[in-house]
Amino acid sequence: MYLALLVIFLQCSEICTQKRVFTFNAVHIEVQPSAKVENGAPMSIICHADISKSTDFNLQHNITIFKDGKLVFMSVSGKGDARYEVPMARSSHTGDYQCAVEAGGKIKHSDSLHVWVTGMTKPILIAEKKEVFEGEVVKLRCELPEEVPPLYFVFQKMKVNSTPKQKLQEELYRNFSVVEFPVDEGDDILQFDCFGKRRVRFEFETSLTSNKTLITVKEPFIKPTLHIKPSSNITEGKEIRFECSTVVAKMRDIEIILLRNKTILSSVRDQTTLKYSAVATLEDSGEYLCKVEEGKASKTTTHNVVVTELFPKPILTASMNELDEHKELTLSCSIKDFQNASFSILRKHSSRDILLRNSRNLTMRASVNDTGSYICKAEVNRIVKESKPVTIRVYAPVSMPSISVFSGLPEVVLGRPLNLTCCLMMGTPPITFTFYKGNKNKKKIVTNNTCAAFLDKDIRQNDKGQYKCGAKNHHSSGMKTSKVLNITVIVPIRNTSLGSVPYGVVEDGRETTFLCSVEEGSWPIHFRIFRKMDRDILLFERSEHADRVVWQKKEMSRQDTGTYYCIASNRANVSAKSHPITINVILASWQKGVITAFVLIPIAGVMILAVWWFWCKKKNAKGPSMEMSRSALATNSTSEKLSRQHNDGDYYSGSGYIEDGENHMKSTDENKVAAGSGPRLK
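What counts, and where the lines are drawn
All chains use their own residue numbering, which begins from 1 and follows the written sequence. In keeping with the predicted nature of the model, local features appear solely for residues at pLDDT of at least 70, side-chain atom pairs appear and are counted solely at 80 or more, and the whole-chain, interface and lining totals rest on all residues. For the side-chain quantities, the full set of heavy atoms in the structure was used; hydrogens and water were omitted. Helical segments are the DSSP runs of H or I of at least four residues, strand segments are the runs of E of at least two, and each set is numbered from the N terminus. Throughout, exposure labels follow a simple rule: accessible area from a 1.4 Å probe, protein chains only, divided by the maximum for the residue type, with under 20% read as buried, over 50% as exposed, and the rest as partly exposed. The contact definition used throughout considers only heavy atoms, calling two residues in contact when any of these lie within 4.5 Å. Residue burial considers only the protein chains on display, and all accessible areas are found by Shrake-Rupley using a 1.4 Å probe. For the purposes of these results, a polar contact is taken to be a pair of N or O atoms within 3.5 Å, where, inside protein, one atom must be able to donate a hydrogen and its partner to accept one; residues adjacent in sequence count only when each atom of the pair is a side-chain atom. Disulfide assignment relies on a single distance test, namely cysteine sulfur atoms paired within 2.5 Å. Here a cavity means grid points, on a 1 Å grid over the protein atoms only, where a 1.4 Å probe fits yet cannot get out; a pocket means an open set of points with protein on both sides within 12 Å along at least five of seven lines; lining residues are those with an atom within 4 Å of a point. Grid points are joined across faces, edges and corners, and a volume is the space filled by probe spheres set on the points. In this classification, the charged set is Asp, Glu, Lys and Arg, the nonpolar set is Ala, Val, Leu, Ile, Met, Phe, Trp, Tyr, Cys and Pro, and all remaining amino acids, among them Gly, are polar.

Looking at an unreviewed UniProt entry, one finds the chain named Platelet endothelial cell adhesion molecule, with Gallus gallus as its source organism.

Q: Would you explain the overall build of the chain in this entry?
A: Each helix and strand in the chain was counted, giving 3 helices and 55 strands. Every one of the 682 residues in the chain was classed for burial, and the buried ones make up 35%. Taking contacts inside the chain between residues at least 6 apart in sequence as the whole, the part at least 24 apart equals 61%. Accessible area of the chain: about 42100 Å², with a carbon and sulfur share of 54%.

Q: Help me understand the side chain of S177 in this model?
A: Take S177: it is sitting in strand 15 (residues 176–182). Looking at S177, the relative accessible area reads 0%, which means it is buried. Looking at S177, its side chain comes within polar contact range of the side chain of E171, at 3.0 Å. When residues no more than four places from it in sequence are discounted, the contact partners of S177 are L140, R141, C142, F153, F155, Q169 and E171.

Q: Honestly, the state of the cysteines in this entry has me stumped. Any pointers?
A: Working definition of a disulfide: a covalent bond connecting the sulfur atoms of two cysteines. Per the counting criterion, the structure on display carries 7 disulfides. Two residues, C47 and C99, share a disulfide whose sulfurs are 2.1 Å apart. Torsion about the S-S bond of the C47 and C99 cystine: about 70°, corresponding to right-handed handedness. Placement of C47 in strand 3 (residues 43–53) and of C99 in strand 7 (residues 95–103) is noted, with a sequence separation of 52 residues between them. Since its relative accessible area comes to 0%, C47 is described here as buried. According to the relative accessible area criterion, C99 is buried, its value standing at 0%. Disulfide partner of C142: C194, at an S-S distance of 2.0 Å. Between C142 and C194, the disulfide has an S-S torsion of 75° and is therefore right-handed. Residue C142 is found in strand 12 (residues 137–143), and its partner C194 is found in strand 16 (residues 189–200); the two are separated by 52 residues along the sequence.

Q: It is not clear to me how the layout of surface pockets should be interpreted in this structure. Could you clarify?
A: By rolling a water-sized probe across the atoms, one finds the places where empty space is left. Looking at the largest pocket, its volume works out to about 490 Å³. Lining the largest pocket are 20 residues, and of these K67, D68, T94, P149 and P150 sit closest to its centre. Broken down by secondary-structure element, the contributors of at least two residues to the lining of the largest pocket are strand 5 (70–77), strand 7, strand 13 (151–158) and strand 16. Here the lining of the largest pocket gets 3 residues from one element, more than from any other, and that element is strand 16. Residue classes in the lining of the largest pocket are distributed as 7 nonpolar, 5 polar and 8 charged.

Q: When you look at the environment of E544 in this model, what are you seeing that I'm missing?
A: On the secondary structure map, E544 appears in strand 51 (residues 537–544). The exposure class assigned to E544 is partly exposed, which follows from its relative accessible area of 23%. Separated by 20 residues in the primary sequence, E544 and P524 have C-alpha atoms spaced 5.3 Å apart. Not counting residues within four places of it along the chain, the set of residues in contact with E544 comprises P524, I525, F527 and V549. A polar contact of 3.5 Å, which involves the side chain of E544, links it to the side chain of R542.

Q: What exactly am I supposed to notice about empty space enclosed by the protein here?
A: Summed over all chains, the structure comprises 1 cavity of 30 Å³ or more. Its boundaries defined by the atoms lining it, the largest cavity holds a volume of some 40 Å³. In terms of lining, the largest cavity is formed by K157, K159, S162, T163, K165 and D184. Class assignment for the residues of the lining of the largest cavity results in no nonpolar, 2 polar and 4 charged.

Right, dumping it as structure tokens:
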């Protein structure tokens, strides 16, 4: 019974489970009336879930709608549909929408849908002031209600018969922007407006233009007037007067400035009139400008003035522009077609001009210190004019030049450049120096020194090295030449080699001769011979006026075995190292004899003893065999004697045996002799 109930319960559970099976087919999102909505129109975003169920049962749906990834709507119901209502669509509702439906632990997302709300709200423009003065600024505020940043604002300034001026402002975090427009000179009635822009995907959308705002501009002062007296026929020497004036609405930091060709002549502050006068000169011709400023506002008036020349500039002439010292120099000042003037001759100086004489002419004995620029001045009716400067150069003769090597020593290393200098004790620049090398020469002009340098890069081994230099300036004495400088060309060391006699192997105690030589190099040459070790040891050094050196080492020892090399150098300061040679010190002949005596003789003695021992051993091995043969022979003889004695009836005992023993020994000795000479017993 219980088993049947259990089976029924399990089947019912399975049937119930099968009844609650569902799956998402799709989730859709749509916009009504369309995906493109006009600004201010109503808009509905609908999310619908398409679900398949095994049976008809209630299923709770959690529906969420997102805009650009941000949650904007959420609904929980037993239906698979949800509606997000927007009564008035704004541009801020433009974006990508997506919905998600979650039920029974399962979730499904719809595709993304782009909604575009076309059009923007009309901006509102507000001006801080309705009336401003020239030089001030107009502060404007433009706002786009219900719009969401980022936004772009375009402000426009318009006036009659003029192209509008625009200012663009980007606002990332607010829906309004504030700008300032300067009020320029001549502005009267100004009109301002603005409009907004926003970026929609890859294009801009523009709003309507805002309300128009009118601004009235007031003048803080009127345009200045400039009066000049006399107004015409102005001649040098006459007084010329200027008067610049204006009318101001309010005296506040007013400044009046008078300029000629952009050069300020005079100025006043907090006054309405400026007065200026001067004695007219030719340089006073030009454009005069009267300028009135207050803050950022300014107004100007211009007037051209022409001054007639009273007399031309004087001309200064010199008897000669270049001359030897101690010669006579005459300076003359004159004005073309004009005589009634006061003249003066001056020498120009960096700090001030030095008056030499109030006269038309000046004659003097020139010295080197008189070199410089001279001018003359002429004065008529308080008008002073200055001539163009005349340059005078007075030359002292050059002294005999001296030529030397820049390094000091009259020598040069082959392959290196030679630096020469040619100097004078006296002589007025500019000086022309000429360097000579044999038949070749090179010129050099020095303008502010009495020395010149010359670089000879073409140094050859067979050069004679004869150099000299000449110098001259504009003095009439001409060129002077130095003494000849002989230069020694030092040839660097090349191909150093080291040899020895005997070479390679030397007997202990013998003398060894080392020869260090070079293939090429100027004398004297400094030779050094080293033995190569952990720290190379200098064994010998000597300077020779030759291309080789010989060093004899009297006695070589076993410790002198090793590697040797030599280094040669000269005044070229370039050392040349030879290839190393190896010397092996061996034993001398008498040392070999002693070693032979102390080593071979004991070996020979040992060998002799070994031979003698072997002979003795062999001899001892032969002795026992002969004794055995002799014993057998003696036994036979004794037996015969005994048999004979028995036969004869003679028998002895005791001492008789001893005698026989003696006889036996004798017999034995005899048998030895017999064995050596007689026939062998059988």
